[in-house]
Amino acid sequence: MKWIKRILVTIFGLFAFLLILAIFVKKDYVVVRTVVINAPIDSVFNYIKFVKNQDNYGVWFSKDPKMEKSYKGTDGKVGFVYAWKSTNEEVGVGEQEIVKIEEGKRIDMKLRFKVPFEAEDDCYLLTEKVGSAKTKVSWGFSGSMPYPINIMNLFMDMDNMVGSDLQKGLDKLKVVLEEKKGN
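Residues numbered from 1 in each chain as written. Predicted model: local features only at pLDDT ≥ 70, side-chain atom pairs only at ≥ 80, totals over all residues. Heavy atoms only, no water.

**Quick word on the sheet that holds strand β2 (residues 68-72)**
Spatially, the 7 strands line up as an open sheet ordered β1-β7-β6-β5-β4-β3-β2, and their pairing is antiparallel. Unpaired on one side and paired on the other, β1 (28-37) and β2 mark the two borders of the sheet. Neighbour-to-neighbour, the strand axes of this sheet turn through a mean angle of 20°, independent of strand direction. Against the sheet, helix α2 (residues 41-48) makes contact with β1, β4 (93-102), β5 (106-115), β6 (119-131) and β7 (134-144), and its axis sits at roughly 165° relative to β6, the strand it touches most. (Pairing = 2+ DSSP bridges. Helix = DSSP H or I, 4+ residues; strand = E, 2+ residues; numbered from the N terminus. Axes fitted to C-alpha atoms, helices over the stretch in contact; angles between N-to-C directions. Contact = heavy atoms within 4.5 Å.)

Listed below in structure tokens is the structure:
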């Protein structure tokens, strides 16, 4: 009977330690990746402001070509919502809404994940002219994990996990737009 008590005290102690530790673990995360595309800023921006074009360069959309997609509003305009539903856990269920557009510069979006977990994050695409026919594109993603779930930030590297997918998407966007420019 003593050993059961010791096990329970140990489990409770570990649980209490994790709850206390979570107080000191950061809750917010920010991930940003960039690429320089050999195309003028207006053609790059006019391509990326249409969320449906992410089908051509976003990594998540290529993970399940059979996912169900639905749309509300006018693509490329504030209020447009792109929703997806997939049985693939890497894709899940969620939606992306354009919340602000700074024409020729920046698109801000809300990402609402529903499955495999619930979360609401911010996302943006930013363009910068770096030459007469070169454009730097930054893809940013930020969110927050509430206490005590933020303890997961000790075990998960959001910058690495999300960042590698953002970079793959940007690298693919570069290929798509540079091939388009060549045509």
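**Observations concerning the side chain of Gln54**
Within the element layout of this structure, Gln54 appears in the loop between α2 and α3 (59-62). On the accessibility criterion, Gln54 (2% relative accessible area) is buried. When sequence neighbours within four positions are dropped, the list of residues in contact with Gln54 reads Phe61, Gln96, Met109, Leu125 and Trp139. (Buried < 20%, exposed > 50% of the residue type's maximum accessible area, 1.4 Å probe, protein only.)

**Some thoughts on the environment of Asn46**
Following the sequence through the fold, Asn46 ends up in helix α2. Overall, the relative accessible area of 38% leaves Asn46 in the partly exposed class. In the structure, Asn46 is positioned 57 residues away from Glu103 in sequence and 8.9 Å away in space, judged by C-alpha atoms. Of note is the side chain of Asn46, whose polar atom sits 2.9 Å from the backbone oxygen of Asp42. (Polar contact = N/O pair within 3.5 Å; in protein donor to acceptor, adjacent residues only side chain to side chain.)

**So, a nonpolar patch on the surface**
Nonpolar side chains collect at one region of the surface, where Met1, Trp3, Ile4, Ile7, Leu8 and Ile11 lie side by side and expose about 700 Å² of accessible area between them. If you trace the backbone, Ile4 turns up in helix α1 (residues 2-24). Judged by its relative accessible area of 37%, Ile4 falls in the partly exposed class. (Patch = residues over 30% accessible without salt bridge, like charges linked within 9 Å, V, L, I, M, F, W, Y side chains within 5 Å. Areas by Shrake-Rupley, 256 points an atom, 1.4 Å probe, with all protein chains shown as cover. Salt bridge = Lys/Arg side-chain N within 4 Å of Asp/Glu carboxyl O.)

**What to know about the side chain of Arg112**
Along the polypeptide, Arg112 turns up in strand β5. In terms of polar contacts, Arg112 uses its side chain to reach the side chain of Glu95, at 2.8 Å. Engagement of the side chain of Arg112 in a polar contact is seen with the side chain of Glu97, the distance being 2.4 Å. Once you skip the residues sitting within four places of it in the chain, Arg112 turns out to touch Val93, Gly94, Glu95, Glu97, Ala119 and Glu120.

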